[in-house]
Amino acid sequence: MKPAPFKYYAPVTVDEALAHLAEHGYEAKPLAGGQSLIPLLNFRLARPSVIVDLNNISELFYIRPDDGGLLIGAMTRQRQVEHDPLVAERAPLVHEVMPQIAYPQIRTRGTFGGSLAHADPSAELVAVNIALNGRFRLRSQAAERWVPADEFFVGLFTTALEPEELLVEVALPPMPPRSGWAFQQITRRHHDFCIAGVAVVVTLNDRGQCEQARMVFLSAGDRPVIAHQAAEMLKGHAPSPELIQAAAEKAARDEIDPGSDIHASAEYRRHLAGVLARRVLTQAFERAKARETGKSGNW
Amino acid sequence: MNNLHTITVTVNDTPYERTVEPRLLLSDFLRHDLGLTGTHVGCEHGVCGACTVLFDGEPVRSCLMFAVQANGHKITTVEALGTPDNLHPLQEAFWESHAVQCGFCTPGFLMSLVPFLEQNPDPTEEEIREAISGNLCRCTGYQHIVDAVKLAAKRK
Ligand SMILES: Cc1cc2nc3c(=O)[nH]c(=O)nc-3n(C[C@H](O)[C@H](O)[C@H](O)COP(=O)(O)OP(=O)(O)OC[C@H]3O[C@@H](n4cnc5c(N)ncnc54)[C@H](O)[C@@H]3O)c2cc1C
Ligand code: FES
Ligand code: FES
């Protein structure tokens, strides 16, 4: 199949792009890397009558340091993020997941912001940005607002973005001291969308007790799932293997809501999620401890 | 409504000026408008890799870009690599290692691997398999393709 006809605009500034979106509203779709949108157009699952191409807007391509954290322009290519030394240093969790997203040829084109705006509940970057407490800057012609990552994803392929808004920037705060991170997923074939996956960032207090655990599951419902109850179980305690096991089981049993499809049953996904949760928590606490005692721990 | 765009695209070092509808995929532009049928089209949703070309030197899916987006850019297709009498070293290695059966997937593999070998002239087997993870082959079972890449790397 081929895409249905559309009008094409290739603005060179954000203001110009926002003017097109304001004029056309629901009829228009921004085009970022096109690695999710163009398949939908090719199959005519989406038929916008206007495409606003963001690829010529140079002000949306950047990675900048920001107060110990990072600012990433929405159009920054996934491949750029993958190889950026500042990302490796300040957001090692992002650095670790980038090569696991799709294939090299997809990442040369796919963008950091596009993956978030697309809001696939199996997307690595969706879970990782929530685990890292990312914040998203959204702009329309009339206004600008910041939305925390955990409020941005509102349903299956659905976000807080209004049709006349663009995601322009992602802010990743620095991880607190004594923090560790981990990401694991199970895929049928290397690089496929995962059948179960989980990202986590944990922080210890100065007595070695868990102060915070942000564990986010992917492919576990119609949107990313934050395991609040498991986090409560861990809080205030030293992370023993038994406690980690109990928290992982709690999350997999009571907090996620995976579906069944041709790739895996809900039951099987739940099982995998529990196993992965135990592994990522164990690894993340180890990294947090290594950091506490001054061992570099892959930091 | 005039919904046509005039674009200038440099393909394999030759500039072409054409007038296109915005919905025309880059893959169809190369095959139908320019007659460069070396670029193959398998799935049209980014999965098979047969349509891989270089966009400003980097491997991309030509089925997941529009021709209008190539305006002012450089495209390299498999036609730029070698000729039947004078194969590119990687094509030569594919031929010798039996890395080609039906050949449908071959242009996509070549266009993914040429930039890969430029950046990583002495890759490990794991790195080779990673580099071709986004290309499907229904015939060879991949082993001969991996062998061909090793052979090409050894000869460089
Ligand atoms: C074969 C294949 C395998 C893949 N595997 C994976 C995988 O394993 N994991 C994974 O996470 N992804 C995977 N992807 C998806 C890939 O990462 C996409 O690049 C990503 O989902 C979308 O980013 P994009 O820049 O291509 O956005 P586009 O496809 O251009 O856009 C996606 C959607 O977001 C909207 N949008 C984009 N940017 C903005 C913005 N700045 N503001 C507002 N709206 C915007 C668009 O209008 C569209 O609705 C795969 C894709 C393919 C083709
Ligand atoms: S035809 Fe483009 S990836 Fe299959
Ligand atoms: S040789 Fe036939 S698909 Fe690869």
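Residues numbered from 1 in each chain as written. Chains lettered and ligands numbered in written order. Predicted model: local features only at pLDDT ≥ 70, side-chain atom pairs only at ≥ 80, totals over all residues. Heavy atoms only, no water.

Enquirer: Explanation requested: helix α8 (residues 124–131) of chain A in the structure shown.
Expert: Residues spaced three or four apart along an α-helix point in a common direction, a consequence of the helix completing one turn every 3.6 residues. Residues and elements named next belong to chain A. With respect to burial, α8 is a largely interior element, eight of its eight residues being buried. For α8, every residue scored as buried is listed here: Glu124, Leu125, Val126, Ala127, Val128, Asn129, Ile130 and Ala131. Just beyond α8, the residue with positive phi is Asn133, at close to 60 degrees. (Buried < 20%, exposed > 50% of the residue type's maximum accessible area, 1.4 Å probe, protein only. Helix = DSSP H or I, 4+ residues; strand = E, 2+ residues; numbered from the N terminus.)

Enquirer: Before we go on, may I ask you to explain the layout of surface pockets in this structure?
Expert: The rolling of a water-molecule-sized probe over the atoms marks out the regions of remaining empty space. By volume, the second largest pocket amounts to about 490 Å³. Forming the boundary of the second largest pocket are 21 residues, of which Arg79(A), Pro104(A), Phe116(B), Gln119(B) and Ala131(B) lie nearest the centre. Secondary structure elements with two or more residues in the lining of the second largest pocket: α3 (78–83) and α6 (104–107) of chain A together with β4 (58–61), α3 (106–119) and α4 (125–131) of chain B. A class-by-class count of the residues in the lining of the second largest pocket yields six nonpolar, seven polar and eight charged. (1 Å grid on protein atoms, 1.4 Å probe; cavity = no way out; pocket = protein on both sides within 12 Å on 5 of 7 lines; lining within 4 Å. Points joined across faces, edges and corners; volume = space filled by probe spheres on them. Nonpolar A, V, L, I, M, F, W, Y, C, P; charged D, E, K, R; others polar.)

Enquirer: Looking at this structure, how should I read the confidence of the model for chain B?
Expert: If pLDDT is low for a region, its predicted coordinates should not be looked at in detail. This prediction gives chain B a mean pLDDT of 96; 99% of its residues lie at or above 70. Interface scoring of the predicted complex returns ipTM 0.94; its pTM is 0.96. (pLDDT = per-residue confidence, 0-100.)

Enquirer: For this particular structure, what's the right way to read the domain arrangement of chain B?
Expert: Residue and element names in this part refer to chain B. Partitioning chain B into domains gives domain 1 (5–80) and domain 2 (89–155). Measuring from the centre of the C-alpha atoms in domain 1 to the corresponding centre in domain 2 gives 22 Å. In this complex, domain 1 contributes 17 residues to the contact, which on the side of domain 2 involves twelve residues. Regarding the contact of domain 1 and domain 2, the summed buried area is about 1100 Å², with carbon and sulfur atoms giving 66% of it. Among the residues of domain 1 in contact with domain 2, His40, Thr52 and Val78 are the three that bury the most area, contributing 39% of the side total. Linking domain 1 with domain 2 are four residue pairs in polar contact (both at pLDDT 80 or more). Counting residues per element, the ones that place at least two in the side of domain 1 that touches domain 2 are β3 (52–55) and β4. No other element matches the three residues that β3 contributes to the side of domain 1 that touches domain 2. Tallied by class, the residues present in the side of domain 1 that touches domain 2 amount to eight nonpolar, eight polar and one charged. (Domains from an automatic or database assignment. Contact = heavy atoms within 4.5 Å. Buried area = accessible area lost by both parts, 1.4 Å probe. Polar contact = N/O pair within 3.5 Å; in protein donor to acceptor, adjacent residues only side chain to side chain.)

Enquirer: Teacher, can you tell me more about helix α1 (residues 26–33) of chain B here?
Expert: Residue and element names in this part refer to chain B. Taken as a whole, α1 has its buried residues at Leu26, Ser27, Asp28, Phe29 and Leu30. For α1, the elements touching its buried residues are β1 (5–11), β2 (14–20), β3 and β5 (74–76). Phi turns positive, to about 70 degrees, at Gly35, one or two residues after α1.

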